[in-house]
Amino acid sequence: MKTLMINAHPDFRNASHYSIQLEQAFLAKFRVAFPDDTVDVLNLYDTEIPRATTEELLGLWEKQAAHVSLSPAEQHVQAVNQQLLAQFKGHHRIVIASPLHNFNVTSKMKDYIDNVLVARETFRYTAAGSVGLMTDDYRVMLLQASGSIYTRNDRYTPMEFSRLYLEKMFQEIMGFDDFYMVRIQGTQTQGVDVDQAVRAGLAELDAAFSEFYK
């Protein structure tokens, strides 16, 4: 099965970031486990990602609904959108490496979701509510780094909107079979041993990796 690594960090070339370290650890494990396969890597901040604006996706969808011819610029947006959607649907294992930005996903990650969360492509509407179409053993893993800690069942726990948003969109809406979460957390929290936090995150990755491909 094909794996797509989505790097959602704005500074994706900087290997000192902890989410990038998780990404690199994942890729190293993949090379050992599947030496004859490769991971397709999509760096969102180095890729054209159409946005939900009147000049791009919203304008495109409105014209398509009205059966109005698209301008050359809109045809380009449509082509990019279709390429992203086809790539997404063509990979049964999706891995997202991302920092936690103000309790949520990065802006480019939200733009990416707007391109792949498409009715009649990855989900459909019914009288009883939406139904996911990504049900053929699709799985997603979020590799996330955060300055605070979100697993102490305190006021920060329900504010981890990144996990809640992605888990609901992938599993509840698109129908993915499983959502996995690996964290390096507390990197900016007083009293946290950052080296230990990194080791704990890598241990989480070890456990999740085998389940991800089981």
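Attention here is on the structure that accompanies the text.

1. A word on the overall build of the chain
Okay, step 1: A count of helices and strands for the chain gives 6 helices and 7 strands.
Okay, step 2: Reading the helices (α) and strands (β) of the chain from amino to carboxyl end gives β-α-β-α-α-β-α-β-β-β-α-β-α.
Okay, step 3: Relative to a compact globule of 214 residues, whose C-alpha radius of gyration would be 17 Å, the chain shows 18 Å and is just as compact.
Okay, step 4: Each principal axis of the C-alpha distribution contributes one length, and for the chain these read about 60 × 40 × 40 Å.
Okay, step 5: Across the 214 residues that make up the chain, the buried fraction comes to 44%.
Okay, step 6: When contacts within the chain are restricted to residue pairs at least 6 apart in sequence, long-range pairs at least 24 apart make up 76% of them.
Okay, step 7: For the chain, the accessible area works out to roughly 10900 Å², and carbon and sulfur atoms hold 49% of it.

2. Describing the packing of helix α2 (residues 57-65) against helix α3 (residues 72-89)
Okay, step 1: Between α2 and α3, whose axes approach to 10 Å, the crossing angle comes to 100 degrees. Here α3 runs roughly perpendicular to α2, going by the angle between their axes. Listed contacts from α3 to Leu57, Leu60, Lys63 and Gln64 of α2 are Glu74, Val77, Gln78 and Asn81.
Okay, step 2: Taken together, the residues of the contact of α2 with α3 sort by class into 3 nonpolar, 3 polar and 2 charged.

3. Considerations on the pairing of strand β4 (residues 123-126)
Okay, step 1: Pairing geometry for β4 and strand β5 (residues 129-132), over 4 bridges, is antiparallel. Bridging across to β5, tyrosine 125 finds its partner in serine 130.
Okay, step 2: Here β4 folds back onto β5, and the loop between the two strands holds 2 residues.

4. A word on the layout of surface pockets
Okay, step 1: What the largest pocket holds in volume is close to 330 Å³.
Okay, step 2: Forming the walls of the largest pocket are 15 residues, and the residues nearest its centre are Trp61, Gln64, Val118, Ala119 and Arg120.
Okay, step 3: With 4 residues, the top contributor of residues to the lining of the largest pocket is α3.
Okay, step 4: By residue class, the composition of the lining of the largest pocket is 8 nonpolar, 4 polar and 3 charged.

5. Considerations on the environment of threonine 126
Okay, step 1: Turning to its location among the elements, threonine 126 is positioned in strand β4.
Okay, step 2: You can call threonine 126 partly exposed: its relative accessible area is 27%.
Okay, step 3: With 28 residues separating them in the primary sequence, threonine 126 and serine 98 have C-alpha atoms 33 Å apart.
Okay, step 4: Among the polar contacts listed, one links the side chain of threonine 126 to the backbone oxygen of glycine 129, at a separation of 2.4 Å.

6. Notes on the nonpolar core
Okay, step 1: One finds Phe88, Ile96, Met109, Tyr112, Leu166, Phe170 and Phe176 to be the most contacted residues of the largest nonpolar core, which totals 27 residues.
Okay, step 2: When residues of this core are traced back to their parent elements, those giving at least two are β1 (3-7), α3, β3 (93-99), α4 (107-116), β6 (139-146), α5 (161-173) and β7 (178-185).
Okay, step 3: Met5, Ala97, Phe212 and Tyr213 belong to the second largest nonpolar core, which has 20 residues in total.

7. Remarks on the side chain of histidine 91
Okay, step 1: Mapped onto the elements, histidine 91 comes out in the loop between α3 and β3.
Okay, step 2: Using a relative accessible area of 3% as the deciding quantity, one classes histidine 91 as buried.
Okay, step 3: Separated by 2.6 Å, the side chain of histidine 91 and the backbone oxygen of glutamine 87 make a polar contact.
Okay, step 4: Not counting residues up to four positions away in its chain, the partners in contact with histidine 91 are Lys2, Thr3, Leu4, Asp40 and Tyr138.

8. A look at the side chain of serine 98
Okay, step 1: With respect to the element layout, serine 98 can be found in strand β3.
Okay, step 2: Take serine 98: its relative accessible area is 4%, and that puts it in the buried class.
Okay, step 3: Ignoring anything within four residues of it in the chain, the contact list for serine 98 reads Ala8, Ser19, Thr106, Leu143, Gln144 and Ala145.

Basis of the calculations
- Residues numbered from 1 in each chain as written.
- Predicted model: local features only at pLDDT ≥ 70, side-chain atom pairs only at ≥ 80, totals over all residues.
- Heavy atoms only, no water.
- Helix = DSSP H or I, 4+ residues; strand = E, 2+ residues; numbered from the N terminus.
- Rg over C-alpha atoms; globule rule 2.2 N^0.38 Å.
- Buried < 20%, exposed > 50% of the residue type's maximum accessible area, 1.4 Å probe, protein only.
- Contact = heavy atoms within 4.5 Å.
- Areas by Shrake-Rupley, 256 points an atom, 1.4 Å probe, with all protein chains shown as cover.
- Axes fitted to C-alpha atoms, helices over the stretch in contact; angles between N-to-C directions.
- Parallel < 35°, antiparallel > 145°, perpendicular 65-115°, else oblique.
- Nonpolar A, V, L, I, M, F, W, Y, C, P; charged D, E, K, R; others polar.
- Pairing = 2+ DSSP bridges.
- 1 Å grid on protein atoms, 1.4 Å probe; cavity = no way out; pocket = protein on both sides within 12 Å on 5 of 7 lines; lining within 4 Å.
- Points joined across faces, edges and corners; volume = space filled by probe spheres on them.
- Polar contact = N/O pair within 3.5 Å; in protein donor to acceptor, adjacent residues only side chain to side chain.
- Core = buried A, V, L, I, M, F, W, Y, C linked by side-chain atoms within 4.5 Å.

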